[in-house]
Amino acid sequence: MQPKQQLLSLKPYKPGKPVEEVKRELGLEKIVKLASNENPYGCSDLAKEKIREELSQLHVYPDGYSAELREKLSNQLQVKQDQIIFGNGSDEVVQILCRAYLSPETNTVMAAPTFPQYRHNAVIEGAEVREVQLNEGNHDLDAMLEAIDQNTRIVWLCNPNNPTGNYIPESEFVSFMEKVPSDVIVVSDEAYYEYVSAADYPNTLDYLEKYSNLVILRTFSKAHGLAALRIGYGVAASSIIQYIEPAREPFNTSRIAQAAAIGALEDDTFIRECKEKNRKSLELFYAFCDDKGLLYYPSEANFILIDVKSDADKAFDYLLRKGYIVRSGSALGFPTMIRITVGEEEQNKEIIEHLGTYIDSVVEKVNK
């Protein structure tokens, strides 16, 4: 039995090896995973408290409407409750949008490289994927506008972009929205929103009323530290949410995930402290790269993409044997770069030291 033809060209997501397995294979006592952009400080104690309260209700289906979480989030974001859709991670909202709008007769426009689930889900729906190469790590918005035609249904803006960490300033975002046809959905994927410190980063919520084709994606997986529970959300005009809701599976977010998200929203102090620690740690990486003369992209997220002046897989393997798992750029469209998730202070200092030794050996070989 043959599946959809387009599935034959896709590969399933391949997660990294479990930490315990890597320890056994390499004979290491300690492994630090800095590859998946997780929050090294965990999640809020208020979220943990909400989880404990929910453990006695595991035999009961979750609220399919996420009513309590919906009310709290709508109040915090200052949007109507019917402007929100919840997903099993923001990934699922990406899937829902593709399911609702894309077909073999349509196309979708995105940057390249960017978050791979846009392309993955578009291919499953049989849509044409139009990828526009980044310009020095940034979205080439003019070229993306040129790629739009009468069959375009969705344009994806990953802001900040994964894997580069670059962001689209407000003036450029507004200029872009003014030129995109009103019948084309523009998705602003803001998974790393809570980490952003740039003064000119767009507050896209302010533009929902003006641009009825705008969809905003955010998640509890990153700064909120709830990656294991898989819960994210989309915000858009009520008409869009009403249209795509039938493509959402019932009970798609668990009781525990909803409860933890409610607790997370109540702890602004935790998010503020994580953001401050992340920004301080990024400065360590910047200083290291400047000292070694390494190309990097200033990041508004909790990771940094660094050129290691050699094959990315070799740098990945070197750091792995030192007990640090990072993301090789060879799978991200950057064959000489690695993406490092910002960890705790001591972890950052250690990996910088190891990376410095590796870079010195590469430079020494080149100069021989």
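Residues numbered from 1 in each chain as written. Predicted model: local features only at pLDDT ≥ 70, side-chain atom pairs only at ≥ 80, totals over all residues. Heavy atoms only, no water.

**Notes on the pattern of salt bridges**
When charged atoms on two side chains of opposite charge get close, those side chains can pair. To keep things clear, this is the line we draw: Salt bridges are counted wherever a side-chain nitrogen of Lys or Arg sits within 4 Å of a carboxyl oxygen of Asp or Glu. Each helix is a run of H or I in the DSSP string that is no shorter than four residues. Each strand is a run of E no shorter than two, and both are numbered from the N terminus.
As enumerated under the stated definition, the model contains 18 salt bridges in all. With a closest N to O distance of 3.2 Å, Asp-91 and Arg-230 form a salt bridge. With Asp-91 in helix α4 (residues 90–101) and Arg-230 in the loop between β7 (214–219) and β8 (232–236), this residue pair connects regions lying 139 residues apart in the sequence. Taken together, the shared-partner salt bridges in this structure form one network comprising Glu-128, Arg-130 and Asp-149.

**A word on the packing of α4 against helix α5 (residues 117–124)**
Rules: For helices, the fitted line uses only the C-alpha atoms of the stretch in contact; every axis is such a line through C-alpha atoms, and the angle between N-to-C directions lies from 0 to 180 degrees. Helix crossings fall into two classes, left-handed where the near helix is turned counterclockwise from the far one by less than a right angle and right-handed where it is turned clockwise. Throughout, a residue-residue contact means that at least one pair of heavy atoms, one from each residue, lies within 4.5 Å. Ten residue types, Ala, Val, Leu, Ile, Met, Phe, Trp, Tyr, Cys and Pro, are classed as nonpolar, four, Asp, Glu, Lys and Arg, as charged, and the remainder, Gly among them, as polar.
Axis separation between α4 and α5 bottoms out at 9 Å; the angle between their running directions is 35°. Crossing geometry of α4 relative to α5 is assigned as right-handed. Judged by residue contacts, Asp-91, Val-94, Gln-95 and Cys-98 of α4 engage Gln-117, Tyr-118, Asn-121 and Ala-122 from α5. For the contact of α4 with α5, the class distribution of residues is four nonpolar, three polar and one charged.

**Some thoughts on the sheet that holds strand β12 (residues 337–341)**
The line we're drawing: For two strands to pair, DSSP has to find at least two bridges joining them.
Spatially, three strands are ordered β9-β12-β11 in an open sheet, and the strand pairing comes out antiparallel. A strand with exactly one partner marks an edge of an open sheet, and here the two such strands are β9 (303–307) and β11 (327–328). When β9 meets β12, the two strands line up antiparallel, connected through five bridges. Within the sheet, the bridge partner assigned to Phe-303 lies in β12 and is Thr-341. Of the strands in this sheet, β9 and β12 touch helix α10 (residues 268–292), which is tilted by about 10° from β9. Each of β11 and β12 is contacted by helix α11 (residues 312–321), which is oriented at about 40° to β12, the strand it contacts most.

**Here's the deal with the nonpolar core**
Within soluble globular proteins, side chains that are nonpolar tend to cluster in buried spots. What counts is decided by this rule: What makes a nonpolar core is a set of buried Ala, Val, Leu, Ile, Met, Phe, Trp, Tyr and Cys residues whose side-chain atoms join them at distances within 4.5 Å. Each residue gets one of three labels from its accessible area relative to the maximum for its type: buried under 20%, exposed over 50%, partly exposed in between, using a 1.4 Å probe on protein chains only.
Counting residues in hydrophobic clusters, the biggest one holds 44 residues, and the most contacted among them are Leu-157, Phe-176 and Phe-220. Of the residues forming this core, the biggest block, seven residues, is contributed by helix α9 (residues 255–265). One finds Tyr-286, Tyr-296, Ala-312 and Leu-319 within the second-largest nonpolar core, a separate group that totals 26 residues.

**Concerning the packing of helix α3 (residues 67–77) against α9**
The following threshold applies: Any angle that falls under 35 degrees is termed roughly parallel, while one over 145 is termed roughly antiparallel, one within 65 to 115 roughly perpendicular, and all others oblique.
Where α3 contacts α9, the axes come no closer than 9 Å and their chain directions differ by 25°. Of the possible angle classes, the one that applies to α3 and α9 is roughly parallel. Along this stretch, α3 crosses α9, giving a crossing that reads as left-handed. Together, Glu-68, Leu-69, Lys-72, Leu-73 and Gln-76 of α3 and Gln-258, Ala-261, Ile-262 and Leu-265 of α9 make up the contact between the two elements.

**Focus on the sheet that holds strand β2 (residues 84–87)**
Spatial ordering of the open sheet is given by β2-β8-β7-β6-β5-β3-β4, a layout of seven strands whose pairing is mixed. Strands with a single pairing partner mark the edges of an open sheet, and in this sheet they are β2 and β4 (128–133). Taken over all neighbouring pairs, the strand axes of this sheet differ in orientation by 20° on average, direction set aside. As paired elements, strand β3 (residues 107–112) and strand β5 (residues 152–158) share three bridges and run parallel to each other.

**A short note on the packing of aromatic side chains**
Under the convention used in this document: For this analysis, a ring pair means two rings from Phe, Tyr or Trp (six-membered ring only for Trp) whose centres lie within 6.5 Å, classed as stacked if their planes differ by under 30 degrees, edge-to-face if by over 60, and tilted for the remaining angles. The criterion is that NZ of a Lys, or CZ of an Arg, lies within 6 Å of the ring centre and within 35 degrees of the ring normal, and then a charge sits over that ring.
The tally for this structure, following the rule as stated, stands at 14 aromatic pairs. Ring geometry for Tyr-297 against Phe-334: centres 6.3 Å apart, planes inclined by 65°, an arrangement best described as edge-to-face. Residue Tyr-297 is located in the loop between α10 and β9, and its partner Phe-334 is located in the loop between β11 and β12; the two are separated by 37 residues in the primary sequence. When sorted by exposure, Tyr-297 lands in the same class as Phe-334, which is buried. Joined through ring pairs, the aromatic side chains of Phe-86, Phe-220 and Tyr-233 make up one cluster. The ring centre of Tyr-65 lies 3.9 Å from the NZ or CZ of Arg-70, which sits over that ring. Note that Lys-277 overlies the ring of Tyr-41, its terminal NZ or CZ placed 4.4 Å from the centroid.

**Overview of a negative patch on the surface**
So the rule is basically this: Like-charged residues are merged into a patch within 9 Å and nonpolar side chains (Val, Leu, Ile, Met, Phe, Trp, Tyr) within 5 Å, provided each residue has over 30% relative accessible area and no salt bridge. In these tables, accessible area is a Shrake-Rupley quantity obtained with a 1.4 Å probe, and a residue counts as shielded only by the protein chains included in the view. For the purpose of charge, His is not counted, nor are the chain termini; Lys and Arg are scored as positive and Asp and Glu as negative. A single reference atom marks each charge: NZ on Lys, CZ on Arg, CG on Asp, CD on Glu.
A cluster of acidic side chains, namely Asp-142, Glu-146, Glu-172 and Asp-200, defines a negative patch on the protein surface. As for its position among the elements, Glu-172 is in helix α7 (residues 170–179).

**Topic: the side chain of Ser-74**
Within the secondary structure, Ser-74 is located in helix α3. With sequence-adjacent residues up to four places away left out, Ser-74 is seen in contact with Val-79, Lys-80, Gln-81 and Ile-84.

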